[in-house]
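Chain residues, written in single-letter form:
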Amino acid sequence: VITIVNPLNDSNFKISSLEFNVSLDEVVDWCGLQINSDVNVTMTLNASLTAANYTNSSISDGIHSFKVACNDSSNNLGVSYLFFGFIFWAPIYII
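Quick caveat, the model's predicted, so the values are computed rather than measured.

1. Here's the deal with the layout of surface pockets
The computed volume of the largest pocket comes to approximately 160 Å³. Contributing to the lining of the largest pocket are 13 residues, with I35, D38, V39, V41 and N56 lying nearest its centre. Of all the elements in the fold, those that place two or more residues in the lining of the largest pocket are β4 (30-35) and β7 (51-56). Here the lining of the largest pocket gets three residues from one element, more than from any other, and that element is β4. Class assignment for the residues of the lining of the largest pocket results in six nonpolar, six polar and one charged.

2. Quick notes on the environment of S58
Here S58 lies in the loop between β7 and β8 (62-71). Relative accessible area serves as the criterion here: at 64%, S58 is assigned to the exposed category. In sequence terms S58 and L18 are 40 residues apart; their C-alpha atoms lie 8.6 Å from each other.

3. What to know about the pairing of strand β3 (residues 18-24)
Counting buried positions along β3 yields five of seven residues, so the element is predominantly enclosed. Bridge count between strand β1 (residues 2-6) and β3: four bridges; the pairing is antiparallel. Its bridge partner being in β3, I4 is matched across the sheet by V22. The sheet contact formed by β3 and β7 spans six bridges and is antiparallel. Bridge pairing in β7 places F20 opposite Y54.

4. Notes on the sheet that holds β1
Strand order in the open sheet formed by four strands is β1-β3-β7-β6, and the pairing between neighbours is antiparallel. The open sheet is flanked by β1 and β6 (44-45), the only strands paired with a single partner. Here β6 pairs with β7 via two bridges, running antiparallel. Its bridge partner being in β7, T44 is matched across the sheet by N53.

About the cut-offs
Residues numbered from 1 in each chain as written. Predicted model: local features only at pLDDT ≥ 70, side-chain atom pairs only at ≥ 80, totals over all residues. Heavy atoms only, no water. 1 Å grid on protein atoms, 1.4 Å probe; cavity = no way out; pocket = protein on both sides within 12 Å on 5 of 7 lines; lining within 4 Å. Points joined across faces, edges and corners; volume = space filled by probe spheres on them. Helix = DSSP H or I, 4+ residues; strand = E, 2+ residues; numbered from the N terminus. Nonpolar A, V, L, I, M, F, W, Y, C, P; charged D, E, K, R; others polar. Buried < 20%, exposed > 50% of the residue type's maximum accessible area, 1.4 Å probe, protein only. Pairing = 2+ DSSP bridges.

This is the structure:
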């Protein structure tokens, strides 16, 4: 089972980068992240191989979906999907 820790479903953000975190109920060999049907990126697994993360620092404003897929050593594949909103507010400088 893949549990999405961050971002939560229907979340909204006002930051310039976003960390994707998942926890797993078993040891896995690989996890990949796909945002809005773009190319998969490999997530970084923790030391116990039961959690993974990836930081995206260039995500655009708007409503997004993402999919996380993980594979274990028996080649079993698990997949989770979520939707979130992202709003980047650039700082305003008054001179």
